[in-house]
2 protein chains.
Amino acid sequence: MDDSTEPAGASELPGGRALPKTDKSEQTRALILHTAMRLFKERGYDKTTMRAIAAEAGVSVGNAYYYFQSKEFLIQGFYDRMTYEHAADARARMAGTKDFAERLEIALASWVDCAAEYHGFASQFFRTAADPNSSLSPFSDESHPARATAVQLFREVLTGSEIAPKLDAELAELLPDILWLYLMIVVLYWVFDRTPDTERTREFVRRSTPMAARVINLSRYRVFRPIVRDAKGLIQDFILPTVGRTAGKQ
Amino acid sequence: MDDSTEPAGASELPGGRALPKTDKSEQTRALILHTAMRLFKERGYDKTTMRAIAAEAGVSVGNAYYYFQSKEFLIQGFYDRMTYEHAADARARMAGTKDFAERLEIALASWVDCAAEYHGFASQFFRTAADPNSSLSPFSDESHPARATAVQLFREVLTGSEIAPKLDAELAELLPDILWLYLMIVVLYWVFDRTPDTERTREFVRRSTPMAARVINLSRYRVFRPIVRDAKGLIQDFILPTVGRTAGKQ
DNA sequence: AGGGGGTTTTGAACACGTTCGAAACGTTGC
DNA sequence: GCAACGTTTCGAACGTGTTCAAAACCCCCT
């Protein structure tokens, strides 16, 4: 419900964002971001002009650009925050559950819920996120913190479930990243979803998670060894490196 | 090597493009498109201004807009054409091959080859293609012809192979669309690929096609019945409808 | 009090996609 | 020849994202 007022430094990336010289500048920054998010929700991304944001926030256009490299960058802050909120919400919701499929479903459903209010303009900036050169791309270096947070969540989805100990260690290592990719697919589905309250995406999650869980479960059996080994190799060699290898770090 | 001079009507969609009143206007249209493509290749999409295109083509900006609804629409023509060329090239290349995995690999490798010269600016307009509201989206109605062409190609990849008759009929029905989705993943990979000559994507294709073929092969065995059935249901109910159901049409 | 240095803020100016009313052109019928 | 009408072409003007040099502000030092 309430946005605003960044976790203060939590999402301050040393690499790209504006330099926070710590004082009321942080307040201005928050004000601008807050105003922008409100207008985005009210009118959509494209229809919200930088001039409108500045005017509404009571600052000059130039000032907005002092804090945010570009209009797109206004989104990164919100993106980080949502990831963080999602992780917290998902953890809380799956606390009492041990079943892997259920945990996975909860984690994904939680994302859909957290993102719900932004669905209106999500597609408009999804375009930007799809640009490989954009720092908004989920694969970019700038998105690394958010990605790491999400991957960590999926690690917990796994380790908190009863199938965790039964899995091949190497596969268990890869799974969090793979599940994150799975989330990316759900996000893609969600962006394109035009049904009321994105009901179709929710249904998609309900239907697909048990199957995903089943596949992972089956991977333990002897018959599947060769194919699982190949799949692992493929993902390890071709997918994760491109995606910004989170695996193997801490 | 040579672009230009649209197949004359071949890619004229009744829905969206400019109305060709048949005469030298078609020539102007082609001139503009041709010039645009050249400049895109030379300088990239973003760095090519409409003014530059118009100037270079020796027409006014307004004239360019008379033929093309927007800068993005300049791309659709080329997109259609490439799809067409790809289908032709792939067919020729896999003519003598019966092995499914090989045919699949050829079809995908052919795409990478056909797209090679556009890789430079592909990522810049890929952004637009990722917008669900854009007609450039591979899932949009406007892209339906191109999609249908590609799906048809994959149908032939399948029917021309020796495993075709052994497959469950229902699955065989779905496979062309699924393989097209596979191509979309390759495209995604390719867009993000920064290696010289997109060598990594080529390697990805070489490595992933045999595995895909193996999975499809395995689907015939009894043990996998339930999971294959679920997967089929999932794709049929949730993926294809969203994607613009080509399946079931002729 | 007065400077000096960094930080923050400003708004005019720029570039580019796009629009639009009007002009030029071409064809057809007289 | 010319008038009428649809098609094509033009280019000035608009809206918007972004830049930049200068001003305002703030805090510390002397």
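Residues numbered from 1 in each chain as written. Chains lettered and ligands numbered in written order. Predicted model: local features only at pLDDT ≥ 70, side-chain atom pairs only at ≥ 80, totals over all residues. Heavy atoms only, no water.

Colleague: Looking at this structure, how should I read the UniProt feature "domain: HTH tetR-type" (unreviewed entry) in chain A?
Modeller: UniProt annotation of "domain: HTH tetR-type" (unreviewed entry) refers to residues 26–86 of chain A when read in the numbering used here. For residues 26–86 of chain A, the helix share is 77%, the strand share is 0%, and the end-to-end C-alpha distance is 24 Å. (UniProt positions renumbered as here; feature names shortened; annotations may be inferred. Helix = DSSP H or I, 4+ residues; strand = E, 2+ residues; numbered from the N terminus.)

Colleague: Looking at this structure, how should I read the packing of helix α1 (residues 25–43) of chain B against helix α4 (residues 73–94) of chain B?
Modeller: Helix packing for two helices is described by the angle between their axes and how far apart those axes are. Residue and element names in this part refer to chain B. Following both chains from N to C, one finds α1 and α4 inclined at 90°, their axes separated by 10 Å at the closest point. The orientation of α1 relative to α4 falls into the category roughly perpendicular. From α1, I32, L33, A36, M37 and F40 reach across to α4, where they touch L74, I75 and F78. Looking at the contact of α1 with α4, its residues break down into eight nonpolar, no polar and no charged. (Axes fitted to C-alpha atoms, helices over the stretch in contact; angles between N-to-C directions. Parallel < 35°, antiparallel > 145°, perpendicular 65-115°, else oblique. Contact = heavy atoms within 4.5 Å. Nonpolar A, V, L, I, M, F, W, Y, C, P; charged D, E, K, R; others polar.)

Colleague: Could you clarify how one ought to interpret the relation of the copies chain A and chain B in this entry?
Modeller: Mapping between the two copies of the chain is achieved by a rotation about an axis and a shift along the axis. After a rotation of 180° and a shift along the axis of 0.1 Å, chain A superposes on chain B with an RMSD of 0.2 Å. Expressed as an axis order, the relation between the two copies is that of a two-fold axis. When each C-alpha of chain A is compared by its distance to the rotation axis, A:R127 comes out closest, at 2.5 Å. (Least-squares fit on C-alpha atoms with pLDDT ≥ 70 in both.)

Colleague: Help me out: how do you make sense of the interface of chain A and chain B in this one?
Modeller: A common measure of how large an interface is: the accessible area buried when the components associate. The partner chain B presents 35 residues to the 35 residues of chain A that form the contact. The largest per-residue losses of area from chain A upon contact with chain B belong to A:R127, A:F192 and A:F238, which jointly make up 20% of the total buried on that side. Run the count over chain A and chain B and you get five salt bridges. Measuring nitrogen to oxygen at the nearest pair gives 2.4 Å for the salt bridge that ties B:R214 to A:D230. Seen at the junction of chain A and chain B, the total is 12 residue pairs in polar contact (both at pLDDT 80 or more). Every element with two or more residues in the side of chain A that touches chain B is listed here: α6 (119–129), α8 (169–192), α9 (199–218) and α10 (225–243) of chain A. The biggest single contributor to the side of chain A that touches chain B is α10(A), with 11 residues. When its residues are assigned to classes, the side of chain A that touches chain B shows 19 nonpolar, seven polar and nine charged. (Buried area = accessible area lost by both parts, 1.4 Å probe. Salt bridge = Lys/Arg side-chain N within 4 Å of Asp/Glu carboxyl O. Polar contact = N/O pair within 3.5 Å; in protein donor to acceptor, adjacent residues only side chain to side chain.)

Colleague: How do you make sense of the packing of helix α5 (residues 100–115) of chain A against α9(A) when you look at a structure like this?
Modeller: All names here are of chain A. Where α5 contacts α9, the two axes come as close as 9 Å, and the packing angle between them is 150°. With respect to α9, the element α5 is oriented roughly antiparallel. Read as a crossing pair, α5 and α9 show a hand that is right-handed. Every residue of α9 that contacts α5 at F100, A101, L104, E105, L108, A109, V112 and D113 is listed here: T201, R202, V205, R206, T209, P210, A212, A213 and I216. Among the residues forming the contact of α5 with α9, the class breakdown is 11 nonpolar, two polar and four charged. (Left-handed = near helix turned anticlockwise from the far one by under 90°.)

Colleague: Please explain the pattern of salt bridges as it appears in this structure.
Modeller: Side chains that differ in sign of charge can pair as their charged atoms come close. The full count for this structure, using the stated rule, is 32 salt bridges over all chains. Measuring nitrogen to oxygen at the nearest pair gives 3.8 Å for the salt bridge that ties A:K232 to A:E170. Of the two residues, A:K232 sits in helix α10 while A:E170 sits in helix α8, which places them 62 residues apart along the sequence. Judged by relative accessible area, which is 45%, A:E170 ranks as partly exposed. Here B:K41 and B:E117 are joined by a salt bridge, their closest N and O atoms 3.1 Å apart. (Buried < 20%, exposed > 50% of the residue type's maximum accessible area, 1.4 Å probe, protein only.)

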